[in-house]
Amino acid sequence: MSTDAPDLALDIRDLRKTYAGRGDAPAKDALKGVTLGVPVGSIFGLLGPNGAGKSTLINILAGLVNKSSGSVRIWGFDQDANPRMSRASIGVVPQELHLDPFFTPREAMEIQAGLYGVAAGERRTDELLAALGLADKATAHARSLSGGMKRRLLIGKALAHSPPVLILDEPTAGVDIELRQQLWAYVRQLNEQGVTIILTTHYLEEAEEMCDRIAIINHGEVIANEPKADLLGRLDRKTVTITPAEALTALPPALSGQEGVEAEVTRHGALALTYSRSKASLGGLLDLVRTSGIDIQDVTTSEAGLEKIFLDLIHSDDDAG
Ligand code: ADP
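What counts, and at which threshold
Numbering of residues starts from 1 in each chain and follows the order in which that chain's sequence is written. Confidence filtering applies because this is a predicted model: local features only for residues at pLDDT of at least 70, side-chain atom pairs given and counted only at 80 or more, and all residues used for totals across whole chains, interfaces and linings. Hydrogens and water are ignored here; the side-chain numbers use all heavy atoms of the structure. Each pair of strands is called paired provided DSSP finds at least two bridges between the two strands. Numbering of helices and strands runs from the N terminus; a helix is a DSSP stretch of H or I covering at least four residues, while a strand is a stretch of E covering at least two. By definition, residues are in contact when any of their heavy atoms lie within 4.5 Å. Note on definitions: angles span 0 to 180 degrees between N-to-C directions of axes, and those axes are lines fitted to C-alpha atoms, for helices only across the stretch in contact. Residues enter patches when they are more than 30% accessible in relative terms and free of salt bridges; like-charged ones are connected within 9 Å and nonpolar ones (Val, Leu, Ile, Met, Phe, Trp, Tyr) within 5 Å. The accessible surface values rely on the Shrake-Rupley method and a 1.4 Å probe; as for residues, cover is taken only from the protein chains in view. By definition, a salt bridge exists where a carboxyl oxygen of Asp or Glu is found within 4 Å of a side-chain nitrogen of Lys or Arg. The cut-offs for exposure are 20% and 50% of the maximum accessible area for each residue type, with area from a 1.4 Å probe on protein chains only; residues under the lower value are buried, those over the upper are exposed, and the others partly exposed. Helix span, as expected, comes to 1.5 Å for every residue beyond the first.

Engineer: Just checking my understanding: could you explain the sheet that holds strand β4 (residues 69–74) for this structure?
Structural biologist: Within a sheet, each strand pairs with its neighbour through backbone hydrogen bonds, oriented either parallel or antiparallel. One open sheet accounts for four strands, arranged β2-β1-β4-β5; its pairing is antiparallel. In this open sheet, the two edge strands, each paired with only one partner strand, are β2 (28–39) and β5 (77–78). Bridge count for β4 against β5 is two bridges, and the pairing is antiparallel. Within β5, the residue paired with I74 across the bridge is F77. Docked against the sheet, helix α1 (residues 54–61) engages β1 (8–19), β2 and β4, running at close to 115° with respect to β1.

Engineer: How should the sheet that holds strand β11 (residues 237–244) be read in this particular structure?
Structural biologist: Ordered in space as β12-β13-β11-β14, the four strands form an open sheet in which the pairing is antiparallel. With one partner strand each, in any of the chains shown, β12 (261–265) and β14 (296–303) form the two edges of the open sheet. Sheet twist, expressed as the average angle between the axes of neighbouring strands with direction ignored, equals 20°. When β11 meets strand β13 (residues 271–276), the two strands line up antiparallel, connected through six bridges. From the neighbouring strand, T239 faces β13, where its bridge partner is T274.

Engineer: It is not clear to me how a nonpolar patch on the surface should be interpreted in this structure. Could you clarify?
Structural biologist: A cluster of nonpolar side chains, namely F102, F103, I111 and L115, defines an oily patch on the protein surface of about 440 Å² accessible area. Mapped onto the secondary structure, I111 falls in helix α3 (residues 105–115). Its relative accessible area of 38% is what places I111 among the partly exposed residues.

Engineer: Just to check I follow, could you spell out helix α5 (residues 147–158) for this structure?
Structural biologist: The α-helix winds at 3.6 residues per turn, so residues separated by three or four positions along the chain end up facing the same way. Its 12 residues give α5 an end-to-end C-alpha distance of 17 Å, which sits within 8% of 16 Å, the value for a rise of 1.5 Å per residue. α5 sits mainly inside the fold: 10 of its 12 residues count as buried. Looking at α5, one finds that the buried residues are G148, M149, R151, R152, L153, L154, I155, G156, K157 and A158.

Everything listed here is a matter of geometry and, on its own, says nothing about what the molecule does.
This is the structure:
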């Protein structure tokens, strides 16, 4: 990517959107002052429950919805002051699998490049079709493309003008596992080539696997925005599963009622202890287990994942609001 890259691929400040009410429907504040910076080179996850404002935000970035107030800079270009350059700096892969049925993949790519003023000699149509595994479908009827192929063609279209920033809105919804893996491999490759990626996904595991930074939006506000590792490290709780030499049938009394510890016997007769790291230590718990007469055969620990953190954050925000 060029050496004159800004620090932030997206620089969004105090962004607000109010949809006007219609008929009986009241006006809706979909974005209530969103400030968000997406560092250049990241794979950035934008997460939030339904109705949080993700699509509104993406549609503003794509130039499909007008903001009510605030500022948006894409690749350093202010959307109001420099609409042409800011638009040229971003590609958006929409959620809906909508393609014009009258154009072949090659034609669709060429038209898209033309819309962005890419000169004929600089178009990447065949390169992109090949990279997306669509070379042999270049002249096929759009109707004959499978859902996965359509998805890939939409990615190709979004890349036709070589934008440094790519937004993928729920790119793997309804996509089978194999294709999902292929899509992610391609997205990683794009990122390695210098494209900053922003993605929304319902699959928190996917965000956990793919993203290096994650923002969570709820009721039109950003409630978290940090490196994935920090977000995952936020959770104080950890689970240790202890397999005893002999399967347990009941919880040893010494283990119930410990502060900051939830103990339970699993279906397989193992002991699962979920504890707060600030209140209990693994060593102390293991001592307690031994002194309650359990012969420890195996110990495994697990951290809570993004799913748990996401739900905790959303719920505590909802309670506070
Ligand atoms: P998400 O993509 O996170 O599900 P949206 O941005 O679609 O959230 O919606 C945010 C809020 O704005 C929701 O309450 C939704 O009902 C409302 N909303 C979205 N689009 C419109 C619209 N065109 N007119 C009125 N309200 C809208």
